[in-house]
Structures are given as C-alpha cells and as structure tokens.
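# Observations on the three-dimensional arrangement
One letter stands for each residue in the lines below.
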There are 2 protein chains.
Amino acid sequence: MLSAVEYCHALLRERLLPGDLALDATAGNGHDTHFLAQLIGPDGKVFGFDVQAAAIAATRRLLQRWGVPEGCYHLIEDSHAALAERLPEQAQGRLAAAVFNLGYLPGGDKSVITRPETTLPAVRAALEWLRPGGLLLVVLYPGHPGGAEEAQVLRDFASGLPSRQWQVTEYRTLNARQAPPAVLAIEKASPESGPDWEI
Amino acid sequence: MLSAVEYCHALLRERLLPGDLALDATAGNGHDTHFLAQLIGPDGKVFGFDVQAAAIAATRRLLQRWGVPEGCYHLIEDSHAALAERLPEQAQGRLAAAVFNLGYLPGGDKSVITRPETTLPAVRAALEWLRPGGLLLVVLYPGHPGGAEEAQVLRDFASGLPSRQWQVTEYRTLNARQAPPAVLAIEKASPESGPDWEI
C-alpha cells in the first residue's frame, strides 16, 4: 500500500498540469515544493510558506540544486496563517493544489510545531484560494505531542464542509505500531463535477 | 476523488496480472467477478461465492453475456464462511486478491445482509488463502441497519492485525450527506516487502 506521502504525490501527479499555480503551505525542507514545481513546469508557479528562516533557506537551496528557474517559485518566510495577505492577488481562486504537511520540521527544532490555532485558519483561507476542481491535501501526524489533537481539529472541520461544494476523503493506516500519518484530501466542486458529485 | 468502488478497482488494476487467481466473496450481481475476470484474463481464474441462488444466476448471466470463457470462473452457491471448505486446495496460499463487498444484494431482498458472525470468519480464512503480496479488499456500507456495527467489527479486527505480516489502510469519505461506503485494504507481506514495510 502507498504511504501517506506516496498517496499525496499520486493524487498531485494525476491532477496538476503544466502552467498551474500551487501552494506548499509548509515548505519545510522543500521536498514538496520541489515536487510541485516539477509537476507544474516552467510556466507554473509554486508558492512556498514557512515560518522558519532555516526552512525557507533549505527549500531555496533544494530548488537551486535541482535547477528550478527562479521565476517558478515564490518563497515567503511567514506563517501560513498570513497566506491570504501574502499571496499575490492574481492567484486568488486559481490555485490548482495546496499542500499542508503538519508537525515539525524534519531535522529541525521539534518544539516548533504547527498548531490548530494557525493551521485551521490557514486551511480555510487556502480553500478559498483554490480554483474550482482544485485539491487541498493535509498530511496529519498524530504521533508527536499535540499532533493527535491537531489532527482531530482538522478532521472535524473537514467533516463539516458542505458536500455540495466539497468532497472530503481520508486515507490512513489502521494497524501501524506507532501513530502513522493520515491524509485528508479536500476537493472543490467544479462545473464539471456532474450529478454524481454529492454522495 | 474516487468513490469506494473506483478506489477498489484502481488498486486491483495496479495489482492483478494475467494468470492470477482471485476471489469475489460476495458475487452479488457479478460486476466485481467480471472485473476480476477481465484483469486476470483467460489464464487466470476467479472464484465467486454468494449465498443467494439469484445472485449466482445473475453473475453467471453477466459473465456469459461478456463472453468470459467458462474455465475462467468457478461460481459457488454457498456462504463465504464456507470458503476454506469449498475452494480447491491448489488455490491455498495463491490468491492474488480477494474482494468482499458487504451489505445486501442491490435490487434484491434487503433483509438478506452480510453479518459479522459470518463475514469475519470468511475474511480471516481469505487472508490465509492470499499469496504473499496478495490484497484483500472489504467495502463497508455503514448506511443500512446493522451496517455500521459490521463495519466496526471488521475495522477493529483489521486494526489488530500484526504490522509485520499485514499492512491495513482505510479510505473513506468524511463529509457525505449519508453514510458512504469505506474501503479496508489488507496487504500480506511478501519477501519483496523490504525494510520499509513495517510502519
């Protein structure tokens, strides 16, 4: 079976097209930013947020090492809670995908974790910025202190989204030894969603 | 996002190869039996169980209508709880996939439903009959009376499977208006599973 990250990448690979706009709300070490940049190509643009300067620097290094053209990404050292203020207005309602990879920065300070007080408003804002048919992915890590609570806050929020406008699915491992990550996928309805959209 | 049935079909399509053996433990109207027969081709064989004569007849008609050669399927009018007695011995440890689509027969008698007392032993037996790397899928329908309880019994059982031998994932819709189906996928470890198998 696919791991949580492999599952996210499979969904993004199916969905993103060259020239799309995408958001990595938790740039971290830059792996998802780079993955998104590869999928949307030189005519696309990925916006990468991280509140930690070390994460923005690591992401920039990774993108440069892989030769991603500078015009294809825009890195913002700020909380993703500020994304509605920091994203350029012309991206409003045009994001094809947004990715939130919660928890702490791998290899970084484990006391700096995402928290529902900022994650939830950021997810709400990112949903507004999605285009019709756009996809928001949240990788939930229930394993660290506070992680299970944050996962539950987001699961409850997503479960309450009206099914005419949103389809929400969860993919998770049930029998891992330790609390494994899970993936929430939230898709925005589009005119092509058709009559089978609402379950 | 994929519906539960589309998700199952995507997993089976990735996994099954021509010549494989497969089990449809709940043949119903035969759609999954036919789907499995298509994937494994003329050198494969699909075993189809259903406790209702009408379901076995409908499945046989569907396979004949699509021209599936008779040697490619073996339909058994019996409870899937009897599968260890009714499957040919040479299939033991050789099933590449097993599918359980729970609930009642669509278009049939809604009082005839699968029940955990028979479903759980049947799932246990089918897991034994899987080959290494084989995949068992259970589509859970929590919407009808008794459905939520059956779903929980199977989820609890699958959650307790040892992670060295089994990987168990769940895929479900979180925000449907009515209780939507969910999919449990249980994969048996194989020598190729590698060191990343156990999460």
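First, a word on scope: everything that follows refers to the structure included in this document.

What counts and what doesn't
Residues numbered from 1 in each chain as written. Chains lettered and ligands numbered in written order. Predicted model: local features only at pLDDT ≥ 70, side-chain atom pairs only at ≥ 80, totals over all residues. Heavy atoms only, no water. Least-squares fit on C-alpha atoms with pLDDT ≥ 70 in both. Contact = heavy atoms within 4.5 Å. Axes fitted to C-alpha atoms, helices over the stretch in contact; angles between N-to-C directions. Helix = DSSP H or I, 4+ residues; strand = E, 2+ residues; numbered from the N terminus. Parallel < 35°, antiparallel > 145°, perpendicular 65-115°, else oblique. Left-handed = near helix turned anticlockwise from the far one by under 90°. Nonpolar A, V, L, I, M, F, W, Y, C, P; charged D, E, K, R; others polar. Core = buried A, V, L, I, M, F, W, Y, C linked by side-chain atoms within 4.5 Å. Buried < 20%, exposed > 50% of the residue type's maximum accessible area, 1.4 Å probe, protein only. Buried area = accessible area lost by both parts, 1.4 Å probe. Salt bridge = Lys/Arg side-chain N within 4 Å of Asp/Glu carboxyl O. Polar contact = N/O pair within 3.5 Å; in protein donor to acceptor, adjacent residues only side chain to side chain. Pairing = 2+ DSSP bridges. Right-handed = clockwise from strand over helix to strand, strands pointing away. Phe/Tyr/Trp six-rings, centres within 6.5 Å; stacked < 30°, edge-to-face > 60°.

### Quick word on the relation of the copies chain A and chain B
Once turned by 180° and shifted 0.0 Å along the axis, chain A lies on chain B with an RMSD of 0.0 Å. Classification of the inter-copy transformation places it as that of a two-fold axis. Using C-alpha coordinates, one finds that chain A approaches the rotation axis most closely at Tyr171(A), a distance of 2.3 Å. Comparing contact sets, 100% of the residues at the interface of chain A also lie at the interface in chain B, consistent with an isologous, same-surface contact.

### Things to note about the packing of helix H5 (residues 116-129) of chain B against helix H6 (residues 147-159) of chain B
Pairs of packed helices are described in terms of their axes, by the angle between the two and the distance that separates them. Residues and elements named next belong to chain B. Two elements in contact, H5 and H6, have axes separated by 10 Å at closest approach and are oriented at 30°. Judged by the inter-axis angle, H5 sits roughly parallel to H6. Handedness of the H5/H6 crossing: right-handed. In this structure, H5 contributes Pro116, Thr119, Leu120, Val123, Arg124 and Leu127 to the contact, and H6 contributes Glu150, Val153, Leu154 and Phe157. A class-by-class count of the residues in the contact of H5 with H6 yields 7 nonpolar, 1 polar and 2 charged.

### A closer look at the nonpolar core
One finds Leu12(A), Leu16(A), Leu137(A), Leu12(B), Leu16(B) and Leu137(B) to be the most contacted residues of the largest nonpolar core, which totals 58 residues. Contacts of Leu12(A), omitting those with residues within four sequence positions, involve Phe35(A), Leu36(A), Leu39(A), Ala97(A), Val99(A) and Leu137(A).

### A look at the interface of chain A and chain B
The partner chain B presents 30 residues to the 30 residues of chain A that form the contact. For the pair chain A and chain B, the summed buried area comes to about 2600 Å², and 52% of that belongs to carbon and sulfur atoms. Linking chain A with chain B are 2 salt bridges. For the interface between chain A and chain B, the tally reads 14 residue pairs in polar contact (both at pLDDT 80 or more). Those elements giving two or more residues to the side of chain A that touches chain B turn out to be helix H1 (4-15), helix H6 (147-159), strand S6 (166-173) and strand S7 (182-188) of chain A. If one sorts the elements of the side of chain A that touches chain B by residue count, S6(A) sits on top with 8 residues. When its residues are assigned to classes, the side of chain A that touches chain B shows 16 nonpolar, 7 polar and 7 charged. Here S6(A) runs beside strand S6 (residues 166-173) of chain B; their pairing, made up of 5 bridges, is antiparallel. Bridging from a neighbouring strand, Thr169(A) pairs with Thr173(B) of S6(B).

### Overview of the pairing of strand S1 (residues 21-24) of chain B
All names here are of chain B. Neither face of S1 is left uncovered, since the one carrying Leu21 and Leu23 and the one carrying Ala22 and Asp24 both have all their residues buried. After leaving S1, the chain enters helix H2 (residues 31-40) and then returns to the sheet as strand S2 (residues 45-50), a path that is right-handed. When S1 meets strand S4 (residues 95-101), the two strands line up parallel, connected through 4 bridges. By the bridge assignment for S4, aspartate 24 is matched with valine 99.

### Things to note about the pattern of salt bridges
Inspection of every chain in the model, using the stated rule, returns 10 salt bridges over all chains. The network of salt bridges with common partners includes Arg155(A), Glu170(A) and Arg172(B).

### Re the packing of aromatic side chains
Residue and element names in this part refer to chain B. This structure, assessed with the given rule, holds 2 aromatic pairs over all chains. With a centroid separation of 4.2 Å and an interplanar angle of 20°, the aromatic rings of tyrosine 7 and tyrosine 171 are classed as stacked. Placement of the pair is tyrosine 7 in helix H1 (residues 4-15) and tyrosine 171 in strand S6, with a sequence separation of 164 residues. The burial state of tyrosine 7 is the same as that of tyrosine 171; both residues are buried.

### Brief notes about the environment of Thr26(B)
Residues and elements named next belong to chain B. Here threonine 26 is to be found in the loop between S1 and H2. Residue threonine 26 is classed as buried on the basis of its relative accessible area, which comes to 11%. Put simply, threonine 26 and tyrosine 104 are 78 residues apart on the chain and 9.5 Å apart in space, counted from C-alpha to C-alpha. When neighbours within four sequence positions are excluded, threonine 26 is seen to be in contact with Phe49, Asp50, His80, Val99, Phe100, Asn101 and Thr114. A distance of 2.7 Å separates a polar atom in the side chain of threonine 26 from the backbone nitrogen of asparagine 101.

### Some points on helix H2 (residues 31-40) of chain A
For the α-helix, the turn length of 3.6 residues means that residues three or four positions removed from each other point alike. Residue and element names in this part refer to chain A. The buried count for H2 comes to 8 of 10 residues, which makes it a mostly enclosed element. Listed in full, the buried residues belonging to H2 are Asp32, Thr33, His34, Phe35, Leu36, Ala37, Leu39 and Ile40. Of the surrounding elements, those touching the buried residues of H2 are H1, strand S1 (21-24), strand S2 (45-50), helix H3 (53-65), strand S3 (73-77) and strand S4 (95-101). Once H2 ends, the next one or two residues include glycine 41, with phi positive near 70°.

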